[in-house]
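Letter by letter, the chains look like this.
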Amino acid sequence: MARPKFIDWAAAQKEYITDRQLTYAGISKKYGVSRTVVGQRALAEGWKESRKSIIKKTITSVEGELIENNAHINTTQQIYQHADTGTRFYGIRKI
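Residues numbered from 1 in each chain as written. Predicted model: local features only at pLDDT ≥ 70, side-chain atom pairs only at ≥ 80, totals over all residues. Heavy atoms only, no water.

### Concerning the nonpolar core
Then comes step 1: The biggest cluster of nonpolar side chains holds 13 residues, and the ones touching the most others in it are Trp9, Ala12, Tyr16, Tyr24, Ile27, Val38 and Trp47.
Then comes step 2: When contributions to this core are tallied by element, the ones reaching two or more residues are α1 (9-18), α2 (24-31) and α3 (35-45).
Then comes step 3: Of all the elements, α1 adds the most residues to this core, at 4 residues.
Then comes step 4: For isoleucine 27, the residues in contact, after removing those within four places along its chain, are Ala12, Glu15, Tyr16, Leu22 and Val38. (Core = buried A, V, L, I, M, F, W, Y, C linked by side-chain atoms within 4.5 Å. Buried < 20%, exposed > 50% of the residue type's maximum accessible area, 1.4 Å probe, protein only. Helix = DSSP H or I, 4+ residues; strand = E, 2+ residues; numbered from the N terminus. Contact = heavy atoms within 4.5 Å.)

### Remarks on the packing of α2 against α3
Then comes step 1: Here α2 crosses α3 at 115°, and the two axes come no closer than 8 Å. Here α2 runs over α3; the crossing is right-handed. For the pair formed by α2 and α3, the contact residues are Tyr24, Ala25, Ile27 and Ser28 on the first element and Arg35, Val38, Gly39 and Ala42 on the second.
Then comes step 2: Each residue belonging to the contact of α2 with α3 can be placed in one class, and the counts come to 5 nonpolar, 2 polar and 1 charged. (Axes fitted to C-alpha atoms, helices over the stretch in contact; angles between N-to-C directions. Left-handed = near helix turned anticlockwise from the far one by under 90°. Nonpolar A, V, L, I, M, F, W, Y, C, P; charged D, E, K, R; others polar.)

### Concerning the side chain of arginine 51
Then comes step 1: Mapped onto the elements, arginine 51 comes out in helix α4 (residues 47-85).
Then comes step 2: It turns out arginine 51 is buried and unbridged, and the closest side chain with the opposite charge, aspartate 19, is 5.8 Å from it.
Then comes step 3: One polar contact links the side chain of arginine 51 to the main-chain carbonyl oxygen of tyrosine 16, over a distance of 2.7 Å.
Then comes step 4: Excluding residues within four positions of it along the chain, arginine 51 makes contact with Tyr16, Ile17, Asp19, Arg20 and Leu22. (Lys, Arg positive; Asp, Glu negative; His and termini not counted. Salt bridge = Lys/Arg side-chain N within 4 Å of Asp/Glu carboxyl O. Polar contact = N/O pair within 3.5 Å; in protein donor to acceptor, adjacent residues only side chain to side chain.)

### Looking at the packing of α1 against α2
Then comes step 1: Axis separation between α1 and α2 bottoms out at 10 Å; the angle between their running directions is 145°. Handedness of the α1/α2 crossing: right-handed. Contact with α1, carried on its side by Ala11, Ala12, Glu15 and Tyr16, involves Tyr24, Ile27, Lys30 and Tyr31 of α2 and no other residues of that element.

### Some remarks on the environment of leucine 22
Then comes step 1: For leucine 22, the position within the fold is in the loop between α1 and α2.
Then comes step 2: Residues contacting leucine 22, with those up to four places away along its chain left out, are Glu15, Tyr16, Ile27 and Arg51.

### Quick notes on the packing of aromatic side chains
Pairs of aromatic rings are described using the distance from one ring centre to the other and the angle between the two planes.
Then comes step 1: Counted under the stated rule, the structure contains 4 aromatic pairs.
Then comes step 2: For the pair tyrosine 16 and tryptophan 47, a centre-to-centre distance of 5.7 Å together with 35° between the ring planes defines the contact as tilted. Of this pair, tyrosine 16 sits in helix α1 while tryptophan 47 sits in helix α4, and the two are 31 residues apart along the sequence. Exposure class is identical for tyrosine 16 and tryptophan 47. Each is buried.
Then comes step 3: Ring centres of tyrosine 24 and tryptophan 47 lie 6.5 Å apart, and the angle between their planes is 75°; on these two criteria the pair is classed as edge-to-face. Taken together, the residues span a long stretch of sequence, with tyrosine 24 in helix α2 and tryptophan 47 in helix α4 at a distance of 23 residues.
Then comes step 4: Linked through ring pairs, Trp9, Tyr16, Tyr24 and Trp47 together constitute an aromatic cluster.
Then comes step 5: When the ring centre of tyrosine 16 is taken as reference, the NZ or CZ atom of arginine 51 above it lies at 3.7 Å. (Phe/Tyr/Trp six-rings, centres within 6.5 Å; stacked < 30°, edge-to-face > 60°. Lys NZ or Arg CZ within 6 Å of the ring centre and 35° of its normal.)

Written out as structure tokens, the structure is:
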């Protein structure tokens, strides 16, 4: 009887979670196991939920950075706008 093949399941899970394009079929092909085995393992370990969580955290983080950058850009634009008109600018209120 053939010896069971060692599968680095932690690596397979990490690849699946971090690569939105990768499917169970892709994992099965790469690691040489059936798609059913990958699906069972993924279901037992919650790979889909982990992927969704990572995606949601990433989107939230990027949105936060965009909001911060946009606020900085708006403030900088206001400063230059006031500099062009010769008025004083303190923070976001004109005094």
